[in-house]
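Next come the chains, spelled out residue by residue.
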Amino acid sequence: APRPPRPARPQRRRRRPRVPVGPILVLFLVACVILGAYYASQTVYFVGASDDGFVSVYRGLPYDLPAGIDLYSVNYESGLPVDELTAAQRRTIEDHKLRSHNDANDLVRQLETGEIQTR
């Protein structure tokens, strides 16, 4: 006698693990903001005094973070000692005004050649 057909087993659905889209999206956006801020900080320059006492051009922002992290690096160190600058010239390099690469280099060149006395 033919066997009666077996009742079909209910197929179990495989549950895919849920991917937490929200937190991943937030992390991605935070990473984009941090990378954008870092990139922007590396497109500005300022003029200051090096640890050795020479006029220097720095790339980045003139700030130090906790744990000794600097947001800047030396781009160019001139041979002009800060001690040889007038008080007005010293104020110009101590203000750490953000500048373009060309503007910062022009300022140092003008200080080196004595073209500017005050600014």
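In this report, the structure presented in the accompanying data block is examined.

Here is what the cut-offs are and how they apply
- One numbering rule holds for all chains: residues counted from 1, following each sequence as written.
- Local features are withheld for residues below a pLDDT of 70 in this predicted model, meaning they are given only at 70 or higher, and side-chain atom pairs are given and counted only at 80 or more; totals for whole chains, interfaces and linings count all residues.
- Only hydrogens and water are set aside when side-chain values are computed; all heavy atoms of the structure are taken into account.
- Two rings from Phe, Tyr or Trp (for Trp, the six-membered ring) form a pair when their centres are within 6.5 Å of each other. A pair whose planes differ by under 30 degrees is stacked, one over 60 is edge-to-face, and the rest are tilted.
- By definition, any uninterrupted DSSP run of H or I lasting at least four residues is a helix, any uninterrupted run of E lasting at least two residues is a strand, and each is numbered from the N terminus.
- Only protein chains enter the accessibility calculation, which uses a 1.4 Å probe; a residue whose area is less than 20% of its type maximum is buried, one above 50% is exposed, and one in between is partly exposed.
- Nonpolar side chains (Val, Leu, Ile, Met, Phe, Trp, Tyr) are joined into patches within 5 Å and like charges within 9 Å, using only residues with over 30% relative accessible area and no salt bridge.
- Here the Shrake-Rupley method, with its probe set to 1.4 Å, supplies the accessible areas, and only the displayed protein chains count as covering residues.
- For this analysis, a salt bridge means a side-chain nitrogen from Lys or Arg found within 4 Å of a carboxyl oxygen belonging to Asp or Glu.

On to the packing of aromatic side chains. Going through the model one piece at a time under the given rule, you end up with three aromatic pairs. Between Phe46 and Tyr58, the aromatic rings sit 5.1 Å apart at their centres with planes inclined by 15°, giving stacked as the arrangement. Of this pair, Phe46 sits in strand β1 (residues 45–49) while Tyr58 sits in strand β2 (residues 54–65), and the two are 12 residues apart along the sequence. We classify Tyr58 as buried; its relative accessible area is 7%.

Further remarks concern a nonpolar patch on the surface. The grouping of Val19, Val21, Ile24, Leu25, Phe28 and Leu29 at the surface amounts to a nonpolar patch, some 610 Å² of accessible area in total. Mapping Leu25 onto the fold places it in helix α1 (residues 21–41).

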